[in-house]
Every structure is written in C-alpha cells, then in structure tokens.
Amino acid sequence: MNRALITNSESAIDLDYYSKYIIGKTALVAQGGGQRGIFTSGVLDSFLLSNFDPFDDFFGTSAGALNLCAFVCREQGLGKSFITELTTSPEFFNLFSYIRHNKGLGLEWALEQVFSYPYKLDIDLGRQVLGSRNIFAAVTDAQNLSDHYFPLFGDEWYKAMLATCAIPRLYNGEVIIGDRSYVDGGVSACIPVQEAWRRQARSIVVIRTEPVLEENEPTGNNEMGPPKAISVEELEWFRESFSSVQGHWQQRVEQWKTDWTSFFQQQISRSKEQKKERNNLDLLNGGRWLFGADDIYRLSHLVGDKFDSGLADMLMVHYQTYSLTQDFLNNPPDDTYIVQIAPSQPLKSSSLMSDKGDLLHDYQLGLEAGYRFIEAYSLVSHKN
C-alpha cells in the first residue's frame, strides 16, 4: 500500500515500501484550516527543533502557507505565535464588529505585525534557505474558480499571502494580482497535494488539520466503502489542474448552478447532523474551509448580505474538489507514496475564535505527530 498515516498517538507506515520512494523528489504539503493550523505549527516546529528538512518543494493553503513560510525562514515558534497571539486579537477579527459594521478579517494588520518586532519574519533568509527549491501558495481565481499557485518569496509575496487567506464573506473583497482577482485557496485546493504530484513529487508528505477518515467512513461525496478506483476523468483533473479541464467540467458545473439551492440545503442539513454527532466540530467541514454551508448562510443574513449563487458556486467547487482530493489521498497513483500527518482525533480548536488553551493543546499534538514522522523517516533513510 503506497500511503501511510502518522498521528500524535500512532504510526501506520510500511518502512520498507516507503524507502523505495524517498530517493525521488519529496514535497511537503500543508492544509489550511484557520486557527486549526496550530497543529501544523507544532509539526513544523518539531522539524525545526530537529534540524529536519528533506523536502524539495513546498505547497500550502491559507494558514498552511503561512506556516510553511515560517518553516523555510527558520522561524521556530512564529507560526504558533501568529495563531495564538495575532489571530486571537480583536484587531484580526471581532464578531461584534463583523456583524454590526461588516468589518472583515484584518489580514493586512496581521501580516504587518509579522514583519515587525517581536516577530520579524526574515524573507531574505527564507530565500537563502529555499535556494533552488520552490514554495507555493494555493489561491482561487475569483472569475472561474480554478486553482492557481503563486510562488512565495517572489515579487508578489504579500499579495499571494493575502489571497490564499482571503476567505469569502469574512475578508472584504478580492485580491488583485496582475489583471486577475483571487480569493481563498481553500475554495479550489484546500489540500494542494495534486499540484505537488503534477510537479513531479513522488514522495509527498501532507500535514492535515483534521483527522483522516477511515476507509469505511463517508468521504466528501457521501459514499461508503473502501476507496474507489480513480476514474479517467478524475485522473485527468489530477494531472492537469482544474483550470486545464474547465471546459470538460462545464456541463456539470452548469447543472450544479441550476440546482444550487437543493445542493446547498443538503449541505446545511449535513452540517447540522455533524454538529450533533461531534460537538467539537462546531464549524462545518472540519476546518477545511473557515465556515461551512449553514454558518455562511447565517452570517450572510446577520450582516445583511444576500446569499447569492456566486458564493454557492464556491461552495460547490469546494465540495467537489475536496472529494476528488480525498480520493487521491486514499488511492494515490502507483508511482507515488503519500504520508499524511494528522491529529488522531478532532482538534479542540476551531477555525476561528478558539480558546488559547485549546490552541496550545493542539500545538502539542502537532509536536508529537511531527516527532513520530521524523523517527519513521530516519529509519527509512537508514535503509537506503
């Protein structure tokens, strides 16, 4: 089996089989998830504390991209501080101000703080550490909802970081880069693992901010049973990216638009059932997108916005692309080995407005999971 799972409590990995893949190109992928990215901060800090960096390329979405930035800049503790100190500040988000005055996420304020004392993210050092390697942030084209990947540490670093975190309805507006508008990468690529594969990575490590579903649990497409075989259509999407096959999908997308009300109500019902069953998942979707269907619907009404078909389209693209990503993770191509590093149970923290004690708890889980992966990787390296 060419996939493995490392959590804070256990390791399920075939070391002999994995050793055949690490001689090739290795990529590190970091999922988004808002403040749940504190788990990723813990994993990456364990890497820094162990002087562990065997990766050739890096791919991140939203909080995952920011955490990877801190890792490459060798800023141990910066990701943790960003989430526990900056994202918990009223300057970043205040629910009362959002409802009464439609004041969205203070992303610009938070990024300015990152460059100031006591944080002082050193981009120049990051460029030196990166060398000939690559680091990308996933964003979503606001016009056609396709995934796009901007290199971090480039000329558009600041805008790329804004765009990957620009969550619809919570961030006011879209981010203009060149002649295009972009929003949160979580809409179209919440786990940009396919892009790592498209760029020839064959050993891929994915840091998750939600537990990995067992094979007999429902995936994003609500199907039961073991991972299904990847269809020709899905393989084409994996290989070329969403934008390259937009025409191929257009008929299906149009059908979603026609039936978006039914689709959306289905997701609201599913959200409510999830919350009843698992109280700690108080925001829909396991943190893959900051708010899910029913939360966005209620927030839109609170601030007087109309829930329009444009936002519904984003939700539908998110659900469908996540379903394909889940299939890819459950059944990787034969030429690829995927290791997922994930919490063993749902994190205590939420995507936003988390308790600091919960954040620190989840950070510790990330540290433990990171050390488990380092131990496994060192054993595999010795085999080669």
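In this numbering scheme, every chain counts its residues from 1 along its sequence in written order. Local features in this predicted model are restricted to residues of pLDDT 70 or higher, and side-chain atom pairs are both shown and tallied only at a pLDDT of 80 or more, whereas totals for entire chains, interfaces and linings draw on every residue. Where side-chain values are given, they derive from all heavy atoms of the structure, hydrogens and water being excluded.

- By the naming in an unreviewed UniProt entry, the chain is Patatin family protein, taken from Vibrio gallaecicus.

**What about the packing of aromatic side chains?**
Stage number 1. Any two rings among Phe, Tyr and Trp, with Trp reduced to its six-membered ring, count as a pair given centres within 6.5 Å; such a pair is stacked if its planes are under 30 degrees apart, edge-to-face if over 60, and tilted if neither. Inspection of the entire model under this criterion finds 19 aromatic pairs.
Stage number 2. Between Phe47 and Phe373, the ring centres sit 6.1 Å apart and the planes meet at 45°, which makes this aromatic pair tilted. Linking Phe47 in helix H2 (residues 38–49) with Phe373 in helix H15 (residues 356–383), this pair joins segments that are 326 residues apart in sequence.
Stage number 3. The rule is simple: take the accessible area with a 1.4 Å probe, protein chains only, and divide by the maximum for that residue type; under 20% is buried, over 50% is exposed, in between is partly exposed. The exposure class assigned to Phe47 is buried, which follows from its relative accessible area of 0%.
Stage number 4. The exposure class of Phe373 is buried, given its relative accessible area of 0%.
Stage number 5. With centroids separated by 6.1 Å and ring planes inclined at 65°, the aromatic side chains of Phe55 and Phe58 adopt a geometry described as edge-to-face. Comparing Phe55 with Phe58, the two get one shared label, buried.
Stage number 6. Grouped by ring-pair contacts, the aromatic residues Tyr17, Tyr18, Tyr21, Phe47, Phe52, Phe55, Phe58, Phe71, Tyr337, Phe373 and Tyr377 constitute a single cluster. Counting from the N terminus, the helices are DSSP H or I runs at least four residues long and the strands are E runs at least two residues long.

**Some remarks on the side chain of Asp57**
Stage number 1. Looking at the secondary structure, you find Asp57 in strand E4 (residues 57–60).
Stage number 2. By the criterion applied in these results, polar contacts are pairs of N or O atoms within 3.5 Å in which, for protein atoms, one can donate a hydrogen and the other can accept it, and in which residues neighboring in sequence qualify only through two side-chain atoms. Here the side chain of Asp57 touches Lys25 through a polar contact of 2.9 Å, side chain to side chain.
Stage number 3. Only heavy atoms enter the contact rule, under which two residues are in contact if any of them lie within 4.5 Å. The residues contacting Asp57, other than those within four sequence positions of it, are Lys25, Thr26, Ala27, Leu28, Arg133 and Asn134.

**Remarks on helix H3 (residues 63–72)**
Stage number 1. The buried fraction of H3 amounts to 10 of the 10 residues, a majority that puts the element mostly inside the structure.
Stage number 2. Looking at H3, one finds that the buried residues are Ala63, Gly64, Ala65, Leu66, Asn67, Leu68, Cys69, Ala70, Phe71 and Val72.
Stage number 3. A positive phi of about 60° marks Arg74, the residue just after H3.

**Side note on the environment of Arg127**
Stage number 1. Topologically, Arg127 is positioned in helix H7 (residues 123–130).
Stage number 2. When residues no more than four places from it in sequence are discounted, the contact partners of Arg127 are Phe153 and Gly154.
Stage number 3. Of the polar contacts made by the side chain of Arg127, one reaches the side chain of Asp124; its length is 3.1 Å.

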